[in-house]
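The lines below spell out each chain.
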Amino acid sequence: MSNLRLILALHNHQPVGNFDGVFEAAYRDSYLPFIEVLEQYPEIPFALHTSGPLLEWLVDQHPDYIERVRALVECGRVEILGGGFFEPIMTMIPHVDRVGQIREFSAYLEELFTAKVRGMWMPERVWEQHLVSAIAEAGIEYTILDDFHFERAGVSGDDLFGYYLTEDEGRLLKVFPGSETLRYTIPFQEPHATYEFLRGLAARRPGATVVCADDGEKFGSWPETYDHVYKRGWLTRFCDMIVGNRDWLETTTLGRTVDATLPLGKVYIPDGSYREMTEWVLPPADHHEYEKAGKLVRSHDQSHQIKPFFRAGGFWRNFKSRYPESDEMYARMLGLSKRLTALSARPDADPDYLDVARRELYRGQCNCPYWHGSFGGLYLPHLRNAIYRALILCHNALDEAEGKSGPRVALEVGDFNLDARQEVRLENDRLIAFARPAQGGQVYELDVREVAVNVLSTLDRRPEAYHQTILDTIRTRGAADPTGVAASIHDRVVLKQDNLDDLIVYDRHPRKAFVDHFYPLDVTLDDLIAARDVERGDFVAGAYLAKAHRETDRVALVMERPGWADGHSIRIRKTIELAAGSPALEVRYVLEGLPAGACLHFAVEINLAGMAGHADDRYYSNLAGDKLGMLDSRIDQQHLAGLSLADEWLDLAVGLSWTKPGGVWCFPIETVSQSEGGFEGVYQSSAVVPHWHVTGDESGRWEVGVRLSVDSWKPVEAAAARFRASLAEV
């Protein structure tokens, strides 16, 4: 008779918007070979969670894999776990979307694998007690958290091996603790280490249940693990170890355990996530202090007694506080969810478009770009772009559901980014722009509806705790990749390129559009690239008074602000206009009260994202269509009336022009971030900064118009070709 149950639960996931090559590599190196090995061991059942984005890709690209998994399900070898369809952090989305995502994914899984879905994977193990109500309402019986969660609830030691009941508003949920010890021994240590742990537990606690629940990518996709797990036979040795000890060790599933055993008790689990994430969410200074405190605890001769009470760490929701870009996506998603809920109650709304909007909303809730840890997450532009693409498509579908069509324009005022200040949305049939008068009158989101791209999906350069690790590594010349398999992917220190220290630069203001600067007359492009303190005005983040003007075919946001520029008191009036059917924002600046006989250096910063930085088909051009360099180029032109940024792959051209010729600086915004492969520089956006040496007229007034147009690249390029041909004829 077996006296210890072992549950192996695998979580396979790729986020919405990840590159097809990444999906394919993970399938080749991890998902497929794991199944191939386990097929040879009919004695070993396991639980499998495959996230919706990955599962849809597998259904489309590798239906044979789906057939193999289905065969394992049918013979009782695999228990399928559900969850949110597109892997949202459950605490981040509204209750109605939690229930909707879980139910929709369960229905999809049950149709695909013809098996009842009873349990779910909790994305990133982010937990708050109120989630019980939504999970139970969606029809789920049980889930898995980390033993770390239970320790914070006062459950520790050998009481962590089984499952517990938890409750909210009278609804019950069964919760299994996942073993952190097994997360670190499997597959990073030889199977004997796991054997010793399990054997000791079986002797101390006969009849116990232990759960190993972790990412499937650690079995082949994480660095160095493919050779270790498959070529050097770790997984085969591990399975042999399990089979060879069946007299006391039984591998089973969550569902069978729930049906055969009673809960160990009831527990209410504090808010939290897995341990490493509670560290990553801390501000860098706090993170360093936390690490110091952790080392002190671990070095203490009674650390095992102290550790359960060492509970400092961050709260997942504060990723939205640390990263305003995450908060902007969140607020946009939340607004669309509320709009969808309201429209769904209207009998005149088109149900087909509502279904499209709901599916795109769910895609836009995929968790990965909303936070950052040891994986790229928020720092990966293609993942942020995928979220915005889904949210823009959701917005479009909601318009269709309401019957909106053809040229139109609207302006709405509200607290769109949830900061207790009023923002303004200007919208027509081609563009959606969000402006914040209270923060420099900046435009912080600009959606191109036809191609579903937010060209202001930028990211600021800010301090990260691991930046010091990079600097220390470079200083000690320890940039070489460690040999062997690290005990955790979080322990790796690999610099993927040279001179990363040159890219560790921190921004002094948000990298958005129509950011108003006053500089010294002798400021240089190098000063801006290095983010030196050269600001001589207080308009960058100053609050503008705003008025809205609405006409039938045109809307305008008029903002005014008195302030200081290089020691002089002046006033700026900034007007943003949008017309029905137009692909352009028209922005007019009027500077008043300029000092007589003095010259000021005025600049308008516009950061543009959503495009690749270093590719031949992504480039700057002048107004004649002549290429000036790729989008990660540094450009310093002295007399220009405009330029354009082209992305042929997206079929997108962003044109910028200004009514008074002036100088223009362009340079890339590149961050240094960490990913599973190591530390690397990442192109985030291109800063375009037209600037003028300004003197007022007799009344102390100066003005300029700036036009930002977004259109298809093909007709723009054709027009430029015609213009070049006409010049050649002349």
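Quick summary incoming for the structure in this document.

Conventions and cut-offs
- Residues numbered from 1 in each chain as written.
- Predicted model: local features only at pLDDT ≥ 70, side-chain atom pairs only at ≥ 80, totals over all residues.
- Heavy atoms only, no water.
- Helix = DSSP H or I, 4+ residues; strand = E, 2+ residues; numbered from the N terminus.
- Rg over C-alpha atoms; globule rule 2.2 N^0.38 Å.
- Buried < 20%, exposed > 50% of the residue type's maximum accessible area, 1.4 Å probe, protein only.
- Contact = heavy atoms within 4.5 Å.
- Areas by Shrake-Rupley, 256 points an atom, 1.4 Å probe, with all protein chains shown as cover.
- Lys, Arg positive; Asp, Glu negative; His and termini not counted.
- Charge placed at Lys NZ, Arg CZ, Asp CG, Glu CD.
- Core = buried A, V, L, I, M, F, W, Y, C linked by side-chain atoms within 4.5 Å.
- Pairing = 2+ DSSP bridges.
- Right-handed = clockwise from strand over helix to strand, strands pointing away.
- Phe/Tyr/Trp six-rings, centres within 6.5 Å; stacked < 30°, edge-to-face > 60°.
- Lys NZ or Arg CZ within 6 Å of the ring centre and 35° of its normal.
- Axes fitted to C-alpha atoms, helices over the stretch in contact; angles between N-to-C directions.
- Parallel < 35°, antiparallel > 145°, perpendicular 65-115°, else oblique.
- Nonpolar A, V, L, I, M, F, W, Y, C, P; charged D, E, K, R; others polar.
- Left-handed = near helix turned anticlockwise from the far one by under 90°.

A word on the overall build of the protein
What the protein contains, in helices and strands, is 21 helices and 26 strands. On C-alpha atoms alone, the protein measures out to a radius of gyration of 28 Å, which is about the 27 Å that the 2.2 N^0.38 rule sets for 730 residues. For the protein, the spread of C-alpha atoms along the three principal axes comes to 100 × 65 × 50 Å. In the protein, which comprises 730 residues, the proportion classed as buried is 59%. Here the contacts in the protein between residues at least 6 apart in sequence split such that 72% fall between residues at least 24 apart. Working note: accessible area of the protein is about 28,700 Å², and carbon and sulfur atoms make up 50% of it. Charged side chains of the protein number 77 positive and 109 negative; the gap between the two group centres comes to 2 Å.

Digging into the side chain of Gln365
Mapping Gln365 onto the fold places it in the loop between helix H17 (351-363) and helix H18 (381-401). Assessed through its relative accessible area of 0%, Gln365 is described here as buried. Contact partners of Gln365, with chain neighbours within four places excluded, come to Glu87, Pro88, Ile89, Met92, Ile93, Pro94, Asp97, Gln101, Met333 and Tyr370.

Details of the nonpolar core
Tyr65, Phe113, Trp127, Ile135, Phe150, Leu198 and Leu235 are the most contacted members of the largest nonpolar core, which has 128 residues in total. When residues of this core are assigned to their parent elements, the largest contribution, 10 residues, is made by H18. Filtering out sequence-adjacent residues up to four positions away, Phe113 remains in contact with Leu55, Ile66, Val69, Arg70, Val73 and Ile80. Of all hydrophobic cores here, the second largest spans 59 residues; its members include Val555, Ala565, Val587 and Tyr620.

Quick word on the environment of Gly662
For Gly662, the location among the structural elements is in strand E24 (residues 652-675). Along the backbone, Gly662 and His639 are 23 residues apart, and their C-alpha atoms lie at a distance of 4.9 Å. Residues within four places of Gly662 in sequence aside, it is in contact with Gln638, His639, Leu640, His691 and Trp692.

Description of helix H2 (residues 52-61)
Among all positions in H2, only Gly52, Pro53, Leu54, Leu55, Trp57 and Leu58 are buried. Next to the buried residues of H2 lie strand E1 (4-12), helix H1 (20-38), strand E2 (46-50), helix H3 (63-74) and helix H4 (95-113).

Description of the pairing of E2
Most of E2 is tucked away, with 5 of its 5 residues classed as buried. Of the two faces of E2, both are covered, the one formed by Phe46, Leu48 and Thr50 as well as the one formed by Ala47 and His49. One ladder, built from 4 bridges, connects E1 with E2; its direction is parallel. Bridging from a neighbouring strand, His11 pairs with His49 of E2. Handedness of the E1-H1-E2 crossover: right-handed.

Observations regarding the side chain of Ser621
For Ser621, the position within the fold is in strand E21 (residues 618-622). Apart from the residues within four sequence positions on either side, Ser621 is in contact with Asp626, Lys627, Leu628, Leu643 and Ser644.

A closer look at the packing of aromatic side chains
One pair of aromatic rings is described through two measures. These are the centre distance and the angle between the planes. Inspection of every chain in the model, using the stated rule, returns 35 aromatic pairs. Aromatic side chains Trp234 and Phe238 sit 4.8 Å apart centroid to centroid with 15° between the ring planes, which places their arrangement in the stacked category. On the criterion of helical spacing, the pair formed by Trp234 and Phe238 is a turn pair, its members being 4 residues apart in helix H10 (residues 234-243). In terms of burial, Trp234 and Phe238 fall into one category: buried. Seen from the ring of Phe539, Arg561 lies directly overhead, with NZ or CZ sitting 5.3 Å from the centre. Lying over the aromatic face of Trp702, Lys660 brings its terminal NZ or CZ to 5.5 Å of the ring centre.

Quick word on the environment of Leu383
On the secondary structure map, Leu383 appears in helix H18. Exposure remark for Leu383: the relative accessible area of 3% places this residue in the buried category. Taking C-alpha positions, Leu383 is 5.7 Å from Pro369, a pair spaced 14 residues apart along the chain. Other than its neighbours up to four places away in sequence, Leu383 contacts Pro15, Val16, Gly17, Asn18, Cys368, Pro369 and Gly377.

Some points on the packing of H4 against H17
It is the contact of H4 with H17, at a shortest axis distance of 11 Å, that shows an interaxial angle of 100°. If you check the angle between H4 and H17, you find them roughly perpendicular. Residue-level contacts link Asp97, Gly100, Gln101 and Glu104 of H4 to Arg359, Leu361 and Tyr362 of H17. Considered class by class, the residues forming the contact of H4 with H17 number 2 nonpolar, 2 polar and 3 charged.

Quick look at the packing of helix H16 (residues 324-344) against H17
Orientation of H16 relative to H17, taken along the N-to-C sense of each, is 155°, at an axis distance of 11 Å. The orientation of H16 with respect to H17, classified from their angle, is roughly antiparallel. Viewed along their axes, H16 and H17 form a crossing whose handedness is left-handed. On H17, the residues touching Met333, Leu336, Ser337, Leu340, Leu343 and Ser344 of H16 are Leu354, Ala357, Arg358 and Leu361. Of the residues in the contact of H16 with H17, the class split is 7 nonpolar, 2 polar and 1 charged.

What about unusual backbone geometry?
Across the junction of Ile186 and Pro187, the peptide omega takes the value -5°, indicating a cis bond. Of note, the phi angle at Phe514 is positive, near 60°, even though the residue is not glycine. Along the chain, Phe514 falls in strand E15 (residues 513-519). Taking the relative accessible area as the measure of exposure, Phe514 reaches 1% and is therefore buried.

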